[in-house]
Amino acid sequence: MKFDSVIMGGGLAGMVAGISLQQEGKSTAVISTGQSCLHFFSGSFESLAEPSPRVAELFSQAGIRLHYQKGVRLMPLGSFQESALALEDIDIFPTPQFSRRTLIVNFMGYHDFFSSFLAEGLEKQGIQCRIRFINLPELEPTEMARGEMRPVQIARTMDRIWEKAVQEIRLLLKDEDTVILPQVFGLQDISVPSRIRQALPARVVFAGTMPPSIPGIRTQMLLKKRYQLLGGTFLMGDEAVRAHIHDGVVHSIVTKNLDSHYLEGDSFILATGGLFSKGLKSNPFQIFEPVMGLDVEYAEDRNTWYNPSFAEKQPYMDYGVKTDENLHPFLEGRSVTNLYAIGSLLGNTRPELGSGAGLAINSAFAAVDEILRSAQHDKED
Ligand SMILES: Cc1cc2nc3c(=O)[nH]c(=O)nc-3n(C[C@H](O)[C@H](O)[C@H](O)COP(=O)(O)OP(=O)(O)OC[C@H]3O[C@@H](n4cnc5c(N)ncnc54)[C@H](O)[C@@H]3O)c2cc1C
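A. Just the sheet that holds strand 5 (residues 101-107), in detail. Taken together, the four strands give an open sheet; going across it, the order is 6-5-7-8, and neighbouring strands pair in parallel fashion. In this open sheet, the two strands that pair with only one neighbour each are strand 6 (128-134) and strand 8 (203-207). The mean inter-strand angle of the sheet, taken between neighbouring strand axes irrespective of direction, is 25°. Where strand 5 lies against strand 7 (residues 178-182), three bridges are found, and the strand directions are parallel. The partner of L103 across the bridge, within strand 7, is V179. Against the sheet, helix 5 (residues 192-199) makes contact with strand 7 and strand 8, and its axis sits at roughly 145° relative to strand 8, the strand it touches most.

B. Expanded view of the environment of M221. Inspection of the secondary structure puts M221 in helix 6 (residues 214-229). By relative accessible area, which is 36% here, M221 ends up partly exposed. Put simply, M221 and S355 are 134 residues apart on the chain and 23 Å apart in space, counted from C-alpha to C-alpha. Setting aside residues no more than four positions away along its own chain, M221 makes contact with L187 and Q188.

C. Region of the structure containing helix 5. Buried residues of helix 5: V192, P193 and I196, and no others. Down the axis of helix 5, the sector holding all buried residues measures 100°, keeping them to one side.

D. Region of the structure containing the site of the ligand. Near the ligand lie 29 residues; those nearest to it are T33, S42, E46, S277 and S344. Note that an oxygen atom of the ligand is positioned 2.9 Å from one of the backbone N or O atoms of C37. One of the backbone N or O atoms of A240 is found 2.9 Å from a nitrogen atom in the ligand. Of all the secondary-structure elements, those providing two or more residues to the shell around the ligand are helix 1 (12-23) and helix 7 (356-380). If you tally residues by element for the shell around the ligand, the top one is helix 7, at three residues. Its residues placed into classes, the shell around the ligand shows 13 nonpolar, 14 polar and two charged.

E. Summary view of the packing of helix 1 against helix 6. Contact pair helix 1 / helix 6: the axes reach a minimum separation of 9 Å and the direction vectors enclose 25°. Relative to helix 6, the element helix 1 is oriented roughly parallel. Crossing hand, helix 1 versus helix 6: left-handed. Taking contact as the criterion, the partners of L12, M15, G18, I19, Q22 and Q23 in helix 1 are, on helix 6, Q220, L223, K224, R226 and Y227.

F. Broad picture of the pairing of strand 10 (residues 240-246). Of the pairings in the sheet, the one linking strand 10 to strand 11 (residues 249-255) comprises six bridges and is antiparallel in character. What sits directly across from H244, in strand 11, is S252. The loop that links strand 10 with its antiparallel partner strand 11 comprises two residues; one of these, D247, has a positive phi angle of about 50°.

G. Molecular detail of the nonpolar core. Counting residues in hydrophobic clusters, the biggest one holds 70 residues, and the most contacted among them are L223 and I253. Among the elements that make up this core, the one with the highest residue count is helix 7 (nine residues). Those residues in contact with L223 that lie beyond four places of it in its chain are L12, M15, I19, L38, L58, F59, A62 and I64. Counting residues in each nonpolar core, the second largest holds 45 residues, with L103, V152, A165 and V184 among its members.

H. Representation of the side chain of R218. Here R218 is to be found in helix 6. For R218, the side chain forms a polar contact with the side chain of D89, separated by 2.8 Å. Once you skip the residues sitting within four places of it in the chain, R218 turns out to touch D89, F185, G186, L187, I190 and P193.

Rules and cut-offs
- Residues numbered from 1 in each chain as written.
- Predicted model: local features only at pLDDT ≥ 70, side-chain atom pairs only at ≥ 80, totals over all residues.
- Heavy atoms only, no water.
- Pairing = 2+ DSSP bridges.
- Helix = DSSP H or I, 4+ residues; strand = E, 2+ residues; numbered from the N terminus.
- Axes fitted to C-alpha atoms, helices over the stretch in contact; angles between N-to-C directions.
- Contact = heavy atoms within 4.5 Å.
- Buried < 20%, exposed > 50% of the residue type's maximum accessible area, 1.4 Å probe, protein only.
- Arc of directions from axis to C-beta.
- Near = heavy atom within 4 Å.
- Polar contact = N/O pair within 3.5 Å; in protein donor to acceptor, adjacent residues only side chain to side chain.
- Nonpolar A, V, L, I, M, F, W, Y, C, P; charged D, E, K, R; others polar.
- Parallel < 35°, antiparallel > 145°, perpendicular 65-115°, else oblique.
- Left-handed = near helix turned anticlockwise from the far one by under 90°.
- Core = buried A, V, L, I, M, F, W, Y, C linked by side-chain atoms within 4.5 Å.

Set out below in structure tokens:
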């Protein structure tokens with residue numbers, strides 16, 4: 001199978017690259033093992049200070065609504081974190097004192113939403129809180145096995161019965177100006193969070209739950225849908241295992257499922273993520289890139305890889321594949337000229353491209369521009 005570009009990894013970086021290349025008329029395939037960092041996404045795009053028109057357009061065409069405001073967002077345990085660009089249903093407040101009185105609503109039997117921690121955090125900001133539970137028969141163990149009281153199962157049900165939940169919340173509301181609900185709305189029907197906001201006579205804030213993240217899964221699904229609508233080939237549940245590389249050029253990729261059918265391309269993008277997603281791996285002696293054995297930037301002394309203080313920044317988060325100025329990675333000191341490394345696989349080796357979601361998006365755009373520029377160059381020659 002031959003494509004213009006083959007992309008390994010279907011997280012944020014891989015999907016942004018795939019969508020952008022398809023939009024430019026290139027044929028691409030995305031090899032995706034499945035779960036990515038988006039399944040843990042807070043909904044806030046780290047290090048994207050301003051939403052560039054390119055970012056806004058790509059997300060809006062995929063049906064993902066963003067908003068931008070510098071301020072703070074509420075974290076699942078009641079603390080606040082600075083934020084600027086976020087999904088539409090993630091609130092950003094100018095200050096943590098966003099309410100006078102808040103009603104925190106949870107569902108009976110749902111333990112992955114930390115209402116009492118939220119109340120504790122908000123009360124530190126001078127916000128009075130009341131916690132109430134609602135009991136919906138559709139969420140009872142007979143309807144949904146207790147072990148399944150997880151965000152995805154609840155969100156699927158809530159897409160159907162959100163109006164019933166709203167009626168219950170209306171009855172509970174007294175003099176509160178704000179209602180806080182778990183982020184379990186709008187998994188498949190993206191309009192649900194804003195319809196809930198319109199239906200209640202108080203400000204509605206959706207607060208994070210234990211992973212997986214419903215806004216993150218929705219983002220992943222919408223990016224994939226947009227990519228496929230543009231004609232992209234999405235190889236779900238497959239894994240890039242090896243590459244044929246000769247004289248600094250990648251010729252094809254071997255995957256777990258396609259057996260002896262290699263994926264050939266003019267260019268290749270490696271967007272397999274960092275240590276969290278197994279785009280990088282470690283053993284007692286080294287940190288390595290498992291698909292191609294690319295050169296990785298990391299400290300030789302293993303004792304310095306992590307900080308024993310769990311809450312501190314961990315050095316291993318900075319390690320990543322070494323690249324030249326055009327994001328071509330190095331293999332035994334030599335750059336691979338039709339391969340691009342993007343996203344969290346880069347660690348903090350390219351700080352000028354940002355961090356977190358910002359790095360994923362900026363590096364994807366940078367690789368796409370370079371691929372288009374070199375294709376144009378080849379055409380002119
Ligand atoms: C738990 C967690 C939460 C985060 N939350 C946020 C947040 O809220 N905001 C923010 O800005 N940043 C966040 N980040 C930072 C995150 O790195 C970026 O936001 C971004 O989503 C990373 O995208 P990526 O595509 O580079 O990597 P990933 O999301 O890791 O995607 C890589 C994908 O490639 C797949 N893969 C790996 N090996 C192979 C292979 N051999 N073949 C095929 N596929 C393969 C992986 O399974 C994965 O699906 C978070 C990071 C983590 C670890």
